[in-house]
Amino acid sequence: MSTPSRPSFLRRWLGALWRFLDASRRVTVNLIFLLIVVVLVLGLVRRGGPALEDRTALVLRLEGPIVEQSSAGLRESALARARGEEMSSMQLRDLLGVIDTATKDAKISGLVLLPDDLGAAGLPMLREVAGALDRFRAAGKPVIAWANSYDQRQYYLATHADQVLLHPDGEVLIQGYGGYRNYYRDALDKLGVTVNLLRVGTYKSFGEPYIDNGPSPAAKEADGLLYSGLWATYTGDVEKARKLPAGTIADLIEHLPERFAAVGGDAGKLSLEARLVDGLKTQDELDAIMIQRGAKSADGKTFRQVSFEDYSARLAPKLTGDAIGVVVAEGEITDGAAPPGTVGGRSTAELIRHAREDDQIKAIVLRVDSPGGSAFGAELVRHELELTRKAGKPVVVSMSNVAASGGYWISTAADEVIADPATITGSIGVFAMFPTVDKTLDKLGVHTAGTTTTWLAGAGDPRLPPDPRFLQIVQQSIDHTYLDFTTKVATARKTTQPAIDAVAQGRVWTGAQAKERGLVDTLGGLGDALKSAARRAKLGDDYRVAYIERQPGRLEQLAAMFVGTAADVVGAKVRAELLPPAMPAQVATGLERDLRQLQSLVDPQRPYNVVVHCLCEAP
């Protein structure tokens, strides 16, 4: 029997070298992994850089609109901050978290509010931030506000400061609520476009701009009551915060020409005389005041301060333990999956299901800021909340700026519905709307003809006038959806369908008005909803708040980029071909928006859509 030959020296050497390299690779990878873990742990323990010094002021520079949920997503927002880029929006939860944490921070001695660059923000959101500023002041810490000029939103927050300062050449612009809308009946008639509107609800005014030349009496009535309610809340809050007699704001606006002439057209002087502000100061004078009250910065050039972004980076989230899960439903409601900023019926339902199946999530708060949209998408969300309650987890709805129509639909499967007094809600009504262009084609000499096996095959073709049988089917579908909607509301509100029908009919209400009519349970904010959920889940004070969110995938981000680009192209085409070159940008933008809104209701996959949308937004 022959002895097997031994490996050559070269093979043994190469084998030993490979084993050495492989072991080195494993050790290196493990060391890198361990280093990453250490860095992450140290980052959580020592996040935010060096410790703050005593008598540091928090500088709250508001930039962009305040939103419930950033459409950029968490990762993109963090990367943008790391690159030093300006944020396109500010999340309400971040603002409240920073102010409330600073309230308890012994190193923070005061707050400087700079609202110059604040964009869109509904009154309920402003009231949330104002509440946080009031809690800061109640802790004995002063708030000072300064701006070059204040618009209506910015001034509302400024009134919750101990001292309101304005640039000597600035102004305070308070205009009131309400506005004007374009109506397209004559224009569409000239083009030969017929907008077919079928609806249930005397006050369901979504489609009126496309079928009439002005608002219906019912729409005027509803809008008048809504805006007067919002205005009463705004002026009452401002006059209380500034310690002004009731009616001061209305009187100032009513006599503005005479008051303005009396000060020689000096808006800053008028603001001071009317006690809207406490002083007229430049920014360097503001710095001097803050240095006197606090301390100089290390370089001696300004006051000791920390920015909102830097202070926010210091906040370490609690990652374990019992939690209240918050699901945000912000934007229009669609059927399927949608990124942050839109309520996807399927994707939002999946988030709720995920929270229900998470053992650490003991209750859910649904934070709603939506005017509605797809009835089917709304029902997907509502049904998932209903399953959550049946599973034994409490559900509390917190209404933000708008929770109307479909936004109200998804709120009906809750143990408690909490709205801000200024929330726009209700709009319990249903409609379907689709344009047909047979008359347009006739004007162009284009004729449509063909052969189908049934009359239904071409029923939804926009090139043909609608078949009466098709219209009958659509109306019956809408009637059924309205009955289903009002019945669900009646069950949730523990009343009868006729009682809900009396306050429904597509009419919008403020949160305070809705409370009077039994459509919401409690008036309050997000904090009240969290406390209610914790109490219902029998949690103590030591619970965490976990936002249940999904990050958009790369494909979704790419699609969103193209969607935005397409919208820009459509807008540019409308502006270039249909609108006069000298038309003001504000008017042109409104026309483009309305035309896109009409186009969005046309679904090539379906002859019609049943829609629960209020055509309303926070003023």
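Refer to the preceding data block for the structure.
Notes on the structure in this doc start here. These numbers come from a predicted model, not from an experiment. (Residues numbered from 1 in each chain as written. Predicted model: local features only at pLDDT ≥ 70, side-chain atom pairs only at ≥ 80, totals over all residues. Heavy atoms only, no water.)

**Remarks on the nonpolar core**
Note the following rule: What is meant by a nonpolar core is a set of buried Ala, Val, Leu, Ile, Met, Phe, Trp, Tyr and Cys residues, joined one to another through side-chain atoms within 4.5 Å. Here's how the labels work: a residue is buried when its accessible area is under 20% of the maximum for its type, exposed when over 50%, partly exposed in between, all with a 1.4 Å probe on protein chains only. In this text, helices come from DSSP runs of H or I with a minimum length of four residues, and strands from runs of E with a minimum of two, each type numbered from the N-terminal end. Two residues form a contact once any of their heavy atoms are found within 4.5 Å.
The biggest cluster of nonpolar side chains holds 62 residues, and the ones touching the most others in it are Leu111, Tyr150, Tyr155, Leu157 and Tyr234. Among the elements that line this core, the one with the most residues is helix α4 (residues 123-138), at 8 residues. What tyrosine 234 contacts, discounting residues up to four positions off in sequence, is Leu123, Gln152, Tyr155, Tyr156, Ile174 and Tyr177. Judged by nonpolar contacts, the second largest core, of 52 residues, contains Ala355, Leu385, Phe470 and Val612.

**A look at the environment of serine 149**
Its location among the elements puts serine 149 in the loop between β5 (143-147) and α5 (152-158). For serine 149 and valine 172, which are 23 residues apart along the polypeptide, the C-alpha to C-alpha distance reads 6.0 Å. Here serine 149 is in contact with Asp116, Gln154, Leu166, Gly170 and Glu171, once residues within four sequence places are set aside.

**Some remarks on the sheet that holds β5**
How we decide: Note on pairing: DSSP must find at least two bridges between two strands before they are called paired. The axes used here are C-alpha line fits, helices contributing only the stretch in contact, and every angle between their N-to-C directions lies in the interval 0 to 180 degrees.
If you trace the 6 strands from one edge of the open sheet to the other, you get β8-β6-β5-β4-β1-β9, paired in parallel fashion. Only two strands of the sheet have a single neighbouring strand rather than two, namely β8 (279-280) and β9 (305-307). Of the pairings in the sheet, the one linking β5 to strand β6 (residues 163-166) comprises 4 bridges and is parallel in character. Note that in β6 the partner of alanine 147 across the bridge is leucine 166. Strand contacts of helix α12 (residues 283-293): β1 (56-64), β4 (108-118), β5, β6 and β8, with the helix running at about 165° to β5, the strand carrying the most contacts.

**Details of the pattern of salt bridges**
In plain terms, the rule: Between Lys or Arg on one side and Asp or Glu on the other, a salt bridge is scored when a side-chain nitrogen of the former is within 4 Å of a carboxyl oxygen of the latter.
This model, assessed by the stated rule, comprises 26 salt bridges. Where aspartate 420 meets arginine 127, a salt bridge forms, and the shortest distance between an N and an O atom there is 2.9 Å. Taken together, the positions of aspartate 420 in the loop between β16 (416-419) and β17 (424-426) and arginine 127 in helix α4 put the pair 293 residues apart, joining distant regions of the chain. Note that arginine 353 and glutamate 384 form a salt bridge whose closest N and O atoms lie 3.3 Å from each other.

**Brief notes about helix α14 (residues 345-357)**
For clarity, the cut-off: To estimate the expected span of a helix, count its residues, drop one, and scale the result by 1.5 Å.
Across its 13 residues, α14 extends 18 Å between first and last C-alpha, which sits within 8% of the 18 Å expected from 1.5 Å per residue. Those residues of α14 that fall on the buried side of the exposure criterion are Gly345, Ser347, Thr348, Ala349, Leu351, Ile352, Ala355 and Arg356. In the core, the buried residues of α14 are packed alongside β10 (323-330), β11 (333-334), β12 (343-344), β13 (361-370) and α15 (375-390).

**Some details on the packing of α14 against α15**
If you want to describe how two helices pack, look at the angle between their axes and the distance between the axes. What counts is decided by this rule: Roughly parallel means an angle under 35 degrees; roughly antiparallel means over 145; roughly perpendicular covers 65 to 115; every other angle is labelled oblique. All residues other than Ala, Val, Leu, Ile, Met, Phe, Trp, Tyr, Cys, Pro, Asp, Glu, Lys and Arg, Gly among them, are scored as polar; the first ten of these are nonpolar and the last four charged.
For the pair α14 and α15, the least separation of the axes is 8 Å and the interaxial angle reads 10°. Considered as vectors, α14 and α15 are oriented roughly parallel to each other. Mapping the contact onto sequence places Gly345, Arg346, Thr348, Ala349, Ile352, Arg353 and Arg356 in α14 and Gly377, Leu380, Val381, Glu384, Leu385, Leu387 and Thr388 in α15. Of the residues assigned to the contact of α14 with α15, the class counts are 6 nonpolar, 4 polar and 4 charged.

**Considerations on the packing of aromatic side chains**
Defined as follows: Note on aromatic pairs: the rings of Phe, Tyr and Trp (six-membered ring only in Trp) are paired at centre separations within 6.5 Å, and the planes decide the class, stacked below 30 degrees, edge-to-face beyond 60, tilted for the rest. Counted as over-ring charges are cases with an Arg CZ or a Lys NZ within 6 Å of the ring centre that also lie within 35 degrees of the ring normal.
Across all of its chains, the model carries 9 aromatic pairs by this definition. Here the aromatic rings of tyrosine 184 and tyrosine 210 are separated by 6.0 Å at their centres, their planes lie at 15°, and the arrangement is stacked. Placement of tyrosine 184 in the loop between β6 and α6 (185-191) and of tyrosine 210 in helix α7 (residues 208-211) is noted, with a sequence separation of 26 residues between them. In this structure, tyrosine 184 and tyrosine 210 share a single accessibility class: buried. Ring plane angle 5° and centroid distance 5.6 Å describe the contact between tryptophan 231 and tyrosine 234, whose orientation is recorded as stacked. In this pair, tryptophan 231 and tyrosine 234 are both assigned in helix α8 (residues 217-241), 3 residues apart and thus about one turn of the helix distant. Take tryptophan 231 and tyrosine 234: they sit in the same class, and that class is buried. Each member of the aromatic cluster is reached from another via a ring pair, and the members are Tyr156, Tyr177, Trp231 and Tyr234. Across from the ring centre of tyrosine 547, 3.7 Å away, lies the NZ or CZ of arginine 93, which sits over that ring.

**Description of the pairing of β6**
Convention followed: Orienting the strands away from the viewer, one traces the path from the first strand over the helix to the second; a clockwise path indicates a right-handed crossover.
On β6, burial covers both faces: Gln163 and Leu165 on one face and Val164 and Leu166 on the other are all buried. Assessed by its sense of winding, the connection that carries the chain from β5 through α5 to β6 is right-handed. Pairing of β6 with β8 involves 2 bridges; the strand directions are parallel. Bridging across to β8, leucine 166 finds its partner in leucine 280.

**A closer look at the environment of lysine 269**
Inspection of the secondary structure puts lysine 269 in helix α11 (residues 267-273). On the basis of relative accessible area, lysine 269 is assigned to the partly exposed category, the value being 39%. Residues lysine 269 and leucine 166 lie 103 residues apart in sequence; the distance between their C-alpha atoms is 9.9 Å. If near-sequence neighbours (up to four positions away) are discounted, lysine 269 is found in contact with Val263 and Leu280.

Function cannot be inferred from these measures alone, as they are strictly geometric.
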